[in-house]
Amino acid sequence: MSTAQRPSLPSFALFGGFLAAAGLPIYIFAPTFYAENYGVGLTAIAAVLFWLRLLDAVQDPLFGWISERLGRERGFWIGFAGFILVGAMILLFAIPPRTAPLLWFALSITGLFSTFSFLTINFYAQGITAAASLPGGHMQVAAWRETGALIGVCLAAVAPGLLVLWTQVPMLSFALGFAAIGLLSLWVMRRQWVGPTQRVPSNFKLIWQDLPARRLLVLAFVNALPVAMSSSLFLFFVTHRLQATAWAGALLLVFFLSAAASAPIWAALARRYGTRRALLWSMSLAIAIFAVVGFLDTGDVGLFALVCVISGASIGADLTLMPAAFAQRLAVIAPNGAQGFGLWSLMNKLTLALAAIALFPLLEMAGFDATASNQTGQALFTLTFLYAACPLFLKLVAILLLIKTPLQDEQI
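Rules of the game
Residues numbered from 1 in each chain as written. Predicted model: local features only at pLDDT ≥ 70, side-chain atom pairs only at ≥ 80, totals over all residues. Heavy atoms only, no water. Helix = DSSP H or I, 4+ residues; strand = E, 2+ residues; numbered from the N terminus. Buried < 20%, exposed > 50% of the residue type's maximum accessible area, 1.4 Å probe, protein only. Contact = heavy atoms within 4.5 Å. Phe/Tyr/Trp six-rings, centres within 6.5 Å; stacked < 30°, edge-to-face > 60°. Lys NZ or Arg CZ within 6 Å of the ring centre and 35° of its normal. Salt bridge = Lys/Arg side-chain N within 4 Å of Asp/Glu carboxyl O.

Engineer: Would you mind going over the side chain of S230 in detail, with residue names and values included?
Structural biologist: Tracing the chain through its elements places S230 in helix α9 (residues 211-241). The exposure class of S230 is buried, given its relative accessible area of 11%. Once you skip the residues sitting within four places of it in the chain, S230 turns out to touch F290 and Y387.

Encoded structure:
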């Protein structure tokens, strides 16, 4: 039996953790880090993030096209991209800017997220090949991959807060730890980069014209917007609305641990009751908890911890079931998968671009100042509205889209 027939799911979990540590946590920490330490304006940071997502609009589909044509060289280019990602992380957080902080931020985060995109597209496409030789198929791969990813997010979220206790240069230690885990994950995944059974490159136009695939992509975009908005504003909400800066790391850990613990549960529920029902349950949970957040005030740390548990569990379903549902459809129309996940990656990151370009300028217009200890009433109201009310309505739209979206596990 070949290596392609025996995928190493622990390797998928470790690599998923490595990538996840370079994803959402960096979007949470980087804007706050550069605003508070180098005085970079939120509107300027938003412009950089929006420009980065415009770049993604071109490069993600291109990465998908390239990835399907790498052949035997795929492992080499995966390793090369991994080294660049590690170096970009070090430049972003561990080395003080050697030029204008905004330019340093722009160059570093562009290198980081470009390689992150390339690796993520290849990683998720490889999951389609691995699923073909596993009894649990796509849901089994997704359970391992997303559980590992969420554990990686947990570690990345809590590490800076813990490292402050032991070193005066926590982000340097964070970057070096990330580099060590990254090199280890690249090593254990080195034999997993095998080609799919069907080697004919998929057709980008065919994927977009396929009605179920297109609806899943649109659903992914709308459903990810609430996550992008709450992630971008999480630290600001904890610091300025709850006045609980010291609890930020612990609350992030609770959130991501809840997501990690829920991932295999959601996968099991989807196998038993269907993907649609499981997603509807998770979206309903998210709506309920966003409604609660709007009433929180200074000092409500305990209630917000409960919010983190429930919202984390809800996101565990999004991260596990949505890409698995898309992979199920790609297995039918485009078994190579890379171009499809190039589109998938683009949709998810466009949400972060939209969140950044919309939220940060709105906050500044309302008088919000990230460096100030006290905010005006208008600034706090705007922060709360953007963090809680807007995601609630977007989740309602996502539910309506889900009802109209055909899913592959209902056609088997």
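Next, the rest of the story.
Engineer: Account for the packing of aromatic side chains, with residues named and values stated.
Structural biologist: Under the definition given, this model contains 25 aromatic pairs. Note on F18 and F178: the rings are 5.2 Å apart at their centroids and 35 degrees apart in plane angle, and the pair reads as tilted. One end of the pair, F18, is in helix α1 (residues 9-21); the other, F178, is in helix α7 (residues 170-188), and 160 residues separate them in sequence. As far as the burial class goes, F18 and F178 line up, both buried. Between F33 and Y38, the aromatic rings sit 5.8 Å apart at their centres with planes inclined by 75 degrees, giving edge-to-face as the arrangement. Among the aromatic residues, ring-to-ring pairing joins F12, F15, F18, F123, Y124, F178 and W193 into one connected group. Across from the ring centre of W187, 3.8 Å away, lies the NZ or CZ of R190, which sits over that ring.

Engineer: Summarise the pattern of salt bridges; cite the residues concerned and give the values.
Structural biologist: This structure, assessed with the given rule, holds 3 salt bridges. The closest approach of N and O atoms between R329 and D210, which form a salt bridge, is 2.8 Å. One end of the pair, R329, is in helix α12 (residues 301-333); the other, D210, is in the loop between α8 (204-209) and α9, and 119 residues separate them in sequence. Each member of the pair R329 and D210 is classed as buried.

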